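# Survey of secondary and tertiary structure
Residues per chain are reported as follows:
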Amino acid sequence: MRKAALFAVAVCLAAPLSAQQATKKFDYKPVDGIQTISLAIDQVKIRQIVFKPGKAMGGPLRRSDAECVIRIDNDGQVPVQAGVAVALFDEEGNLVAAGSGGTRVGWLSAGERDTSAIRFPFVYRNMEKAKTFLVTLETQAKPPKDAPAPTPAP
């Protein structure tokens, strides 16, 4: 009985520290490259994405400067780390651009806003055919200074 109670307490303490993730599909309809979207986990929100189709560059290793820039708002009460992945698809569902990124090194403080460039360095050549896109937001709250270290899963 005592082991079960200790396990329950450990799970309750670890749950708020675990990463959360949300994915949402949008129609690709930017105006001058800018598109307003709505994706949130608790009070961490992505409200805008700016698409920047690119061109090939580089020497022997060809890549592109295509990217999108996302804005992440932390309207919550605790600092968070945030990661974002973006994938664009054509009308048939083929992937035409993909990339990932996140907030700057460290934590996005409560009440703070940040932008992140998501680069499409290698899968970008058919970006102009995009009809839909997926955005995945992953967050993890900063543990309090006095929080116990997470217990490994059995």
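Below is a short write-up of the structure. (Residues numbered from 1 in each chain as written. Predicted model: local features only at pLDDT ≥ 70, side-chain atom pairs only at ≥ 80, totals over all residues. Heavy atoms only, no water.)

### Quick notes on the overall build of the chain
Each helix and strand counted, the chain has one helix and 10 strands in total. Ordering the α and β elements of the chain from the N terminus gives α-β-β-β-β-β-β-β-β-β-β. When burial is assessed residue by residue, the chain has 33% of its 154 residues classed as buried. For the chain, the proportion of contacts with a sequence separation of at least 24, taken over those separated by at least 6, is 65%. Of the roughly 9600 Å² of accessible surface on the chain, a fraction of 56% belongs to carbon and sulfur atoms. (Helix = DSSP H or I, 4+ residues; strand = E, 2+ residues; numbered from the N terminus. Buried < 20%, exposed > 50% of the residue type's maximum accessible area, 1.4 Å probe, protein only. Contact = heavy atoms within 4.5 Å. Areas by Shrake-Rupley, 256 points an atom, 1.4 Å probe, with all protein chains shown as cover.)

### Considering the environment of Ile-37
Counting through the fold element by element, Ile-37 comes out in strand E2 (residues 34-41). Residue classification places Ile-37 among the buried positions, given a relative accessible area of 6%. Sequence separation between Ile-37 and Asp-27 is 10 residues, and the spatial gap between their C-alpha atoms is 9.8 Å. Residues within four places of Ile-37 in sequence aside, it is in contact with Phe-26, Ile-46, Arg-47, Gln-48, Ile-49, Phe-133 and Val-135.

### Looking at the sheet that holds strand E7 (residues 80-89)
Across the sheet, four strands lie side by side as E1-E10-E7-E8; this open sheet has antiparallel pairing. The sheet is open, and its two borders are formed by strand E1 (20-27) and strand E8 (95-102), each paired with just one other strand. Adjacent strand axes in the sheet meet at a mean angle of 15 degrees, parallel and antiparallel pairs treated alike. Pairing between E7 and E8: seven bridges, direction antiparallel. The residue bridging Gly-83 from the neighbouring strand is Gly-102, located in E8. (Pairing = 2+ DSSP bridges. Axes fitted to C-alpha atoms, helices over the stretch in contact; angles between N-to-C directions.)

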